[in-house]
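Take a look at the letters that make up each chain.
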Amino acid sequence: CPVRPDSVQRGGVFEGKSIVFTGALSFSRSAAKDLAQRAGASVKTGVSKKTDFLVVGQQDEILVGCDGMSDKEEKAHALISAGFDIKIIDESTFLSALSKSEELGHGSANLV
């Protein structure tokens, strides 16, 4: 895991937020879930209107098709287009935000 779990504190951008992961991360999904929960987030398995962040890892084109987007990404884009405030971020943004308190930008501005 690229971040020491004991270094993650509550009160940052993920406090009270809902996070969904998609794609392959450079570390285990269970470690990512643990980090998010330590930061005060609730980790969900699917994207919904209540999702605050979608963290996108490396996508396997064989699994996701030619557009390179998972079903979770496509649903997040559709919800963003419908006016919902879902932030799509990559793994490095997720990791760096674990130690920051400022807000991340909104919607499609954070596309990977």
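Parameters and conventions
- Residues numbered from 1 in each chain as written.
- Predicted model: local features only at pLDDT ≥ 70, side-chain atom pairs only at ≥ 80, totals over all residues.
- Heavy atoms only, no water.
- Buried < 20%, exposed > 50% of the residue type's maximum accessible area, 1.4 Å probe, protein only.
- Helix = DSSP H or I, 4+ residues; strand = E, 2+ residues; numbered from the N terminus.
- Arc of directions from axis to C-beta.
- Core = buried A, V, L, I, M, F, W, Y, C linked by side-chain atoms within 4.5 Å.
- Contact = heavy atoms within 4.5 Å.
- Pairing = 2+ DSSP bridges.
- Phe/Tyr/Trp six-rings, centres within 6.5 Å; stacked < 30°, edge-to-face > 60°.

### Overview of helix α1 (residues 29–38)
Line of reasoning, step 1. The complete set of buried residues in α1 reads Ala31, Ala32, Leu35 and Ala36. Buried residues of α1, seen end-on, are gathered within an arc of 135° and therefore sit on one face of the element.
Line of reasoning, step 2. Positive backbone phi, approximately 95°, marks glycine 40, located one or two places after α1.

### Focus: the nonpolar core
Line of reasoning, step 1. Phe14, Ile19, Phe21, Leu35, Phe94 and Leu98 are the most contacted members of the largest nonpolar core, which has 21 residues in total.
Line of reasoning, step 2. At four residues, the largest contribution of residues to this core is made by α1.
Line of reasoning, step 3. Excluding its chain neighbours within four sequence positions, the residues that come into contact with phenylalanine 94 are Phe14, Ile19, Phe21, Phe27, Ala32, Leu35, Ala36, Val55 and Ile89.
Line of reasoning, step 4. Counting residues in hydrophobic clusters, the runner-up holds nine residues, among them Val56, Ala76, Leu79 and Ile86.

### Considering the pairing of strand β3 (residues 53–56)
Line of reasoning, step 1. Covered by surrounding structure in β3 are Phe53 and Val55 together with Leu54 and Val56, the residues of both alternating faces.
Line of reasoning, step 2. In this structure, strand β1 (residues 18–22) lies alongside β3, joined through four bridges in parallel fashion. Bridge assignment links isoleucine 19 to a residue of β3, and that residue is phenylalanine 53.
Line of reasoning, step 3. Here β3 runs beside strand β4 (residues 87–90); their pairing, made up of four bridges, is parallel. What sits directly across from leucine 54, in β4, is isoleucine 88.

### Thoughts on the packing of aromatic side chains
Line of reasoning, step 1. For the structure shown, the criterion picks out three aromatic pairs.
Line of reasoning, step 2. Judged by centre distance (4.8 Å) and plane angle (80°), the rings of phenylalanine 14 and phenylalanine 53 are edge-to-face. Residue phenylalanine 14 is located in the segment before β1, and its partner phenylalanine 53 is located in strand β3; the two are separated by 39 residues in the primary sequence. Across this residue pair, the class does not change: phenylalanine 14 and phenylalanine 53 are buried.
Line of reasoning, step 3. Plain terms: the ring middles of phenylalanine 21 and phenylalanine 94 are 5.3 Å apart, the flat faces sit at 85° to each other, and that makes the pair edge-to-face. Remark: phenylalanine 94 occurs in helix α4 (residues 91–97) and phenylalanine 21 occurs in strand β1; sequence separation between them is 73 residues.
Line of reasoning, step 4. Relative accessible area serves as the criterion here: at 3%, phenylalanine 21 is assigned to the buried category.
Line of reasoning, step 5. Among the aromatic side chains, those forming a connected cluster through ring pairs are Phe14, Phe21, Phe53 and Phe94.

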